[in-house]
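Residues per chain are reported as follows:
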Amino acid sequence: MSAATLPATAYWTPVIGGITDEPAPASVAERKRALEDLLRARRLQADAPPLRGEDRRRRPLATGIAELDALLGGGFPRGELNEIHGPASSGRTGVLLALLARTTGTGALAALVDPLDRLDPASAAAAGVDLERLLWLRGPRPPGCAGRLWGASGSGEEPQVKALAQATGAVATLAGAGLFDVVALDLAGADHERRRLPMTTWLRLQRVVENATTALVMLADGHVACSPGGRALALEPAGLRFSGSPGPACLLKALRARARAGRHGLRTAELVLAAV
Amino acid sequence: MFGGLHAPRALPDAGALVALARSFTPRVEAHGPTPVLLDLSGLGRLWPTPHALGKALLAAAAARAIEAQAALAFTRETALVVACACPGLSVVPAGGEAEALAPLPLALLEVTVEQQELFARWGLRTIGDLARMPPAALAARLGPEGPRLVYRARGEDAGAFVQAPLPERFEATLELDWPVEGLEPLAFLLARVLEPLTAALAARGAKAAALAVELGLTDASTHACSLRPAAPSGDPRTWRTLVLLDLEAHPPRDAIARITLRASATPARAAQFSLLDPALPSPERLAETLARLHDWTESGRSGSPQLVDTHRPGAFAVQSFAPGPLPRGRPEAARSAPRVALRAYRPPRLAHVLTKAGVPSFVGAPGVRGAVTAAAGPWRVSGDWWDSAFSREEWDVALVGGAALRVFLDRLRGEWFVEGELD
């Protein structure tokens, strides 16, 4: 029996949490409205009324890059699942390190779950990250690996997918702890394995971070997931800039990228990342 | 009745004589490692005569390889002084204290050097000489200390018995009538053990820096683990969570019949943090969070990265995550230009690189492959010739697809590697 032929009651029961006595909405519009009401009620219950003079608006976490912050409406919002995605050499890691630098520079804590073990501490320090305030979780790396994710030892993809699942579990633990302002998950380069994870993974992460003051940021090769209130920052490489004509005795001066907020965002920003 | 124990020779352990005395009675007054005074009240039921009790004391000392001399008397002063003066066993009958002390040298009475010189000028050599002095006359010359010394010389006690404090051990054991399996029932039992333990610690103004867990199993074996969080904690819930998380990661092989917890006490932490800086997370919550990530923490793959003082490319260390307060006078984080970051391949990937006039023109490695459109370099780095030498030529290259890589030629091996992506 397909979902379309299911009776309305059976279709809605899991969504409305066991309230089976209510009559099922008839039309799609009514179903949508009921679902929105439920979501709104849950969000309103989660937020206690603010105290007098208390500013309950959560300030987004700025990256410290003026062009990007303007594009993102102030930065990456807290309590949301955000993402930075783009192909290799599009400046995604540079943007993430700028965010971590800005966050740790204010004295807050940040965590980076790095299942591929790609973080270069020297680059992070050069970007201004306070390394003492950064919790770095590095993925497992069996000896002798030299190929793709965790080595091309031919042991199958299951251990790699399991490691990614462990990484998402760690992200959930860190986001649920509420100790970190930013929890970042670096999935760039693991696109193939990432697709093997169930789609509910991202919904679960979104639910975990929903009422927290933590901003969850994912780094990926392409769009993975982003909560409705989150920001998706798409980056595209726009070439390298050298100190002279490329060749011996010249320096890599900068990496240029084009940033776009949202999957269908029209506004773009030019980004220049200086080489160390 | 009181007993004095004295070891005329050096003791193997400073607390050996006190431990020996405690094996007879908990009421022990220690005057340094030696002598010690025992309150023997009530021991007459076990040893009918003072001689039998004295012999038992000396036998116990001999069993512990302690050469001791003992004295039993009805006043504390007499028991202590006679024990220090007379070898073997001495028993002073009731009323015979002054007589027993009289022939002993005055130095045994613990008088100061000045008082000893004064008494020598007066011609007093023995305790008996001092005991015969009129207390009022001594009070006129020495003040209140004078009569006190005379009473002590007569074998009379001054002051109260000062019991040596028992060594503090924060340990709790729970024997279970029925063995338990699974973590859920164990959680309730752990709370029963941990709450009095942490209450005892709090009463001493202490917290537990570490907790040793010993679980007696039904197969007569023992499952032991030791927990040492980043910061001491006196919260039973935190410790319970840490114990349960550890048992979840390393489950015991059989049902649990006995729970023993030993806490290492440390003074409670007092730290003053800044009013204006963001509050740091409580050490308990941080320890709990890190314990939940035991898969990562146990393999040593989590912590704070730390740069090391070397020129070797890619060198770093990982230290345990323990953020402290922000240093004073730190400038506010300013907006700065974003930097290109290296996404490191660990270990670097062996690459096939074609060169044209010494400049890379093609790079092929697992996961990356393409013609080079632009290259900057070479940057030569070498060092550690005295240990494990490295020498390399680094190039930053742009490939046809738009990817930028850092490649290097290992000059010692003559092979090319891709160090990582520039991103």
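Values in this document were obtained by computation on a predicted structure and should not be read as measured data.

Novice: What exactly am I supposed to notice about the sheet that holds strand E10 (residues 302-307) of chain B here?
Specialist: Strand pairing in a sheet is mediated by backbone hydrogen bonds. Such pairs are either parallel or antiparallel. Spatial strand order, E9(A)-E8(A)-E6(A)-E1(A)-E5(A)-E4(A)-E2(A)-E3(A)-E10(B)-E11(B): ten strands in an open sheet with mixed pairing. Edge positions in the sheet fall to strand E9 (268-274) of chain A together with strand E11 (316-319) of chain B, since each of these pairs with one other strand and no more. Adjacent strand axes in the sheet meet at a mean angle of 30°, parallel and antiparallel pairs treated alike. Inspection of the sheet shows strand E8 (residues 252-261) of chain A paired to E9 of chain A by seven bridges, in the antiparallel sense. Within the sheet, the bridge partner assigned to Arg260 of chain A lies in E9 of chain A and is Thr268 of chain A. With respect to the sheet, helix H4 (residues 92-105) of chain A is in contact with strand E1 (81-85), strand E2 (110-114), strand E3 (134-138), strand E4 (182-186), strand E5 (215-220), strand E6 (232-242) and E9 of chain A, its orientation differing from that of E5 of chain A by roughly 160°. The strands that helix H8 (residues 200-209) of chain A touches are E1 and E5 of chain A; relative to E1 of chain A, the one it contacts most, it runs at about 125°.

Novice: I would appreciate a short explanation of the pairing of strand E4 (residues 69-73) of chain B in the present structure.
Specialist: Side-chain direction in a regular strand flips from residue to residue, so the side chains alternate between the two faces of the sheet. Residues and elements named next belong to chain B. When you tally the buried positions in E4, you get five out of five residues, the bulk of the element. Burial along E4 is two-sided: Gln69, Ala71 and Ala73 facing one way and Ala70 and Leu72 facing the other are all buried. Bridge count for strand E1 (residues 2-6) against E4 is five bridges, and the pairing is antiparallel. Paired with Leu5 across the strands is Ala70, a residue of E4. Strand direction decides the pairing type here: E4 and strand E5 (residues 89-91), joined by three bridges, are parallel. Within E5, the position partnered with Ala71 by the bridge is Ser90.

Novice: Could you clarify how one ought to interpret the interface of chain B and chain A in this entry?
Specialist: As a measure of interface size, the accessible area lost when the parts come together is often cited. Residue-level contacts link 52 residues of chain B with 64 residues of chain A. For the side of chain B that touches chain A, the element with the highest residue contribution is strand E12 (residues 342-356) of chain B, accounting for seven residues. Split by residue class, the side of chain B that touches chain A holds 29 nonpolar, ten polar and 13 charged. Pairing of E3 of chain A with E10 of chain B, which is carried by two bridges, proceeds in the antiparallel orientation.

Novice: Would you mind going over unusual backbone geometry with me for this structure?
Specialist: If a residue is not glycine, its phi is most likely negative; likewise, a peptide bond is most likely trans. The amide bond that connects Thr34 of chain B to the next residue, Pro35 of chain B, takes the cis arrangement and shows omega of -5°. Here Pro35 of chain B lies in the loop between strand E2 (28-30) and strand E3 (36-39). Between Gly377 of chain B and the following residue, Pro378 of chain B, the backbone shows a cis peptide bond with an omega angle of -5°. Within the secondary structure, Pro378 of chain B is located in strand E14 (residues 368-383). With phi around 65°, Ser89 of chain A is a residue other than glycine that occupies positive phi space. Looking at the secondary structure, you find Ser89 of chain A in the loop between E1 and H4. Look at Asp384 of chain B: it is not a glycine, yet its phi comes out positive at around 55°.

Novice: Explanation requested: the nonpolar core in the structure shown.
Specialist: Taken as a class, soluble globular proteins show a tendency for nonpolar side chains to be buried jointly. Counting residues in hydrophobic clusters, the biggest one holds 123 residues, and the most contacted among them are Leu100, Val171, Val182, Val217 and Leu219 of chain A together with Val407 of chain B. Apart from the residues within four sequence positions on either side, Leu100 of chain A is in contact with Ala110, Leu112, Val129, Leu134 and Val182 of chain A. Core analysis: the second largest hydrophobic core is formed by 40 residues, Leu20, Leu37, Ala68 and Ala153 of chain B among them.

Novice: Hey, could you run me through the sheet that holds strand E9 (residues 256-267) of chain B in this one?
Specialist: Residues and elements named next belong to chain B. Spatial strand order, E6-E9-E7-E8: four strands in an open sheet with antiparallel pairing. For this open sheet the edge positions go to strand E6 (170-180) and strand E8 (222-227), each flanked by a neighbour on one side alone. Strand after strand, the sheet turns through a mean of 15° between neighbouring axes, direction not considered. In this sheet, E9 lies alongside strand E7 (residues 206-217) in antiparallel orientation, the contact comprising eleven bridges. From the neighbouring strand, Ala206 faces E9, where its bridge partner is Pro267.

Reading the values: the criteria
- Residues numbered from 1 in each chain as written.
- Chains lettered and ligands numbered in written order.
- Predicted model: local features only at pLDDT ≥ 70, side-chain atom pairs only at ≥ 80, totals over all residues.
- Pairing = 2+ DSSP bridges.
- Helix = DSSP H or I, 4+ residues; strand = E, 2+ residues; numbered from the N terminus.
- Axes fitted to C-alpha atoms, helices over the stretch in contact; angles between N-to-C directions.
- Contact = placed C-beta atoms within 7 Å.
- Buried ≥ 20, exposed ≤ 12 C-beta atoms within 10 Å, placed from the backbone.
- Nonpolar A, V, L, I, M, F, W, Y, C, P; charged D, E, K, R; others polar.
- Core = buried A, V, L, I, M, F, W, Y, C linked by C-beta atoms within 7 Å.

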